[in-house]
Amino acid sequence: MLSPEQIDQFRDQGFLALEEAIPLAEIERLREAAGRIVEEFDIDAHRTVFSTADRDSGRDHYFMDSAEAVHCFLEEDALSAEGQLTKPKHLAINKIGHAMHDLDPGFTAFCRQPIFGEALRDLGYADPVLWQTMYIFKQPHIGGEVRWHQDASYLVTHPASVTGIWIALEDATRENGCLWMQPGGHRSPLREIYEVDPDTREGTLRTLDDTPWPGNNEAVALEVPKGSVVFFNDHMPHYSSQNRSARSRHAFTLHVSEASADWSKLNWLQRPGLGLFHL
Ligand code: FE2
C-alpha cells in the first residue's frame, strides 16, 4: 500500500504522514469507546497525574500496572493545589493507557484495521507486534506539554525496532498542540534511557548523550487533518506544546516492535499476562 517514495521518505526523514488515511466512521467509533472508558472511570479512586515535566520521576504503581490494564491519567492542571478537580471529568483526563488494544473491543477493532500491519510490512517488518496504545486528549486550555524525547528511551529493543504510529482524531494545529519532529533526526544519538528495576519498580531516567534537542529552526510542525496517520522511527526527537486553545486535540498512538527483537527487561512496560499482539 505504501509507494516506494513513501518508504524512501520514512527511511530518509524518519517519519511519514498519511493524510486522512483512516475513515471518519472508525475515528468516531474509537472516540465513543474512549468516552465509555472515561464514563466508567472512578476519579476519586485514582488521582494519578501524567506529566513529563518531572523527567518521569513520579511514576507510581497505577502507572506501572497500566501496561496490562486500561487506566486513566489526569492533566496536571486539572487539579487545584488542594488536590480538588477543577474541571469536569471528561475534560480533566490527560490520557488513557496502555492495553486498550487487548482489553477493549472497540480499541481492538480499531487496531486491527489492515492499514497498520500492511504499512509496517512495507516499512520492513516481518512480524510487527503491538506493545502499547495511548488515547491522548490534549484538553482545551490545559492539555499538557510533552517535552522533547525519543520513544526508544522508554521502549527498548535489541536491536532497536520500535515504530510509533500517531493518529489524529481531530485536526491537529500549532494552536492545539500538534506534534513537532526533526526531519532526519532519527539518525541522532539516543539521548536518554528510562529503566525500571523489575524488583523495586523504581524508574530512573539517565542521560546517555548530551546532543541538544532540536531548535525551532530544525523542527517542523505536523499540522494534519483528522484521520491522518504518522509513522515515526523510535529515535525521532518529537515534542508537543501545551494546548492553550479552546479546542481539544485528541490523538491515538500505537507502538510496535519486531517480534524477533529482544524486549528489554528494564522497560517499564512488561506484558507477561497478555502476551504478544501481532498486527
Ligand atoms: Fe513519544
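Thresholds applied
- Residues numbered from 1 in each chain as written.
- Predicted model: local features only at pLDDT ≥ 70, side-chain atom pairs only at ≥ 80, totals over all residues.
- Heavy atoms only, no water.
- Donors = N, O, S within 2.8 Å, 3.2 Å for Na, K, Ca; no water.
- Buried < 20%, exposed > 50% of the residue type's maximum accessible area, 1.4 Å probe, protein only.
- Pairing = 2+ DSSP bridges.
- Helix = DSSP H or I, 4+ residues; strand = E, 2+ residues; numbered from the N terminus.
- Axes fitted to C-alpha atoms, helices over the stretch in contact; angles between N-to-C directions.
- Contact = heavy atoms within 4.5 Å.
- Disulfide = S-S within 2.5 Å.
- Phe/Tyr/Trp six-rings, centres within 6.5 Å; stacked < 30°, edge-to-face > 60°.
- Lys NZ or Arg CZ within 6 Å of the ring centre and 35° of its normal.

Participant: Before we move on, can you summarise the coordination of the iron ion with the specific residues and values?
Facilitator: Only His-149 (NE2), Asp-151 (OD) and His-238 (NE2) from the protein coordinate the iron ion, and they sit 2.1 to 2.2 Å from it. Mapped onto the sequence, the residues coordinating the iron ion show the spacing H-x1-D-x86-H. Of the two residues, His-149 and Asp-151, neither departs from the other in class, the shared state being buried.

Participant: Tell me about the sheet that holds strand β7 (residues 163–168), and please be specific about residues and values.
Facilitator: Hydrogen bonding along the main chain pairs the strands of a sheet, whether they run parallel or antiparallel. Spatial strand order, β1-β12-β7-β14-β4-β3-β2: seven strands in an open sheet with antiparallel pairing. The open sheet has two edge strands with one neighbour each: β1 (15–18) and β2 (70–74). The sheet shows a mean angle of 20° between the axes of neighbouring strands, taken without regard to direction. Of the strand pairs in this sheet, β7 and strand β14 (residues 251–258) are connected by six bridges, and their pairing is antiparallel. Each bridged residue has a counterpart across the sheet, and for Thr-163 the counterpart in β14 is Val-256. Contacts from helix α1 (residues 4–13) reach β1, β7 and β12 (229–233) within the one sheet, and its direction differs from that of β1 by about 140°. Relative to strand β3 (residues 93–98), helix α2 (residues 24–40) is tilted by about 100°, and along the sheet it contacts β2, β3, β4 (128–136), β7 and β14.

Participant: Residue-level account of the sheet that holds strand β8 (residues 179–181), with values.
Facilitator: With antiparallel pairing, the four strands of this open sheet are ordered in space as β5-β13-β8-β11. On the outer flanks of this sheet lie β5 (146–149) and β11 (220–222), each paired with one strand and no other. With direction set aside, neighbouring strand axes in the sheet form an average angle of 25°. Relative to strand β13 (residues 238–240), β5 runs antiparallel, the two being bridged by two bridges. Note on β13: the bridge partner recorded for Val-146 is Ser-240.

Participant: Residues and numbers for the pairing of β2, please.
Facilitator: Two faces make up the sheet, and in a regular strand the side chains alternate between them. The buried fraction of β2 amounts to four of the five residues, a majority that puts the element mostly inside the structure. Looking at chain direction, β2 and β3 are connected through five bridges and run antiparallel. Across the sheet, the residue bridging to Val-70 is His-98, located in β3.

Participant: Describe the state of the cysteines, listing the residues and the values that go with them.
Facilitator: Within the structure shown, the criterion is met by zero disulfides. Looking at Cys-72, it has no disulfide partner, and the nearest cysteine sulfur is the one in Cys-111, 16 Å off. A relative accessible area of 1% places Cys-72 in the buried class. The buried category is assigned to Cys-111, whose relative accessible area is 1%.

Participant: Could you give an account of the packing of aromatic side chains, naming the residues involved and the relevant values?
Facilitator: Taken as a whole, this structure holds 11 aromatic pairs when the rule is applied. Here the aromatic rings of Phe-110 and Phe-252 are separated by 5.5 Å at their centres, their planes lie at 85°, and the arrangement is edge-to-face. With Phe-110 in helix α5 (residues 105–111) and Phe-252 in strand β14, this residue pair connects regions lying 142 residues apart in the sequence. Take Phe-110: its relative accessible area is 1%, and that puts it in the buried class. Exposure remark for Phe-252: the relative accessible area of 0% places this residue in the buried category. Among the aromatic residues, those joined into a ring-pair cluster are Phe-107, Phe-110, Phe-116, Tyr-135, Phe-137 and Phe-252. Here the guanidinium or amino end of Arg-59 rests over the ring plane of Phe-63, the centre of that ring lying 4.9 Å away.

Participant: Before we move on, can you summarise helix α6 (residues 114–122) with the specific residues and values?
Facilitator: Looking only at α6, the buried set comprises Ile-115, Phe-116, Gly-117, Ala-119 and Leu-120. Among the structural elements, α5, β4, β7, β12 and β14 are those in contact with the buried residues of α6.

Participant: A description of the environment of Pro-4 should follow, citing residues and the corresponding values.
Facilitator: Structurally, Pro-4 is set in helix α1. When the C-alpha atoms of Pro-4 and His-158 are compared, they prove to be 27 Å apart, with 154 residues separating the residues in sequence.

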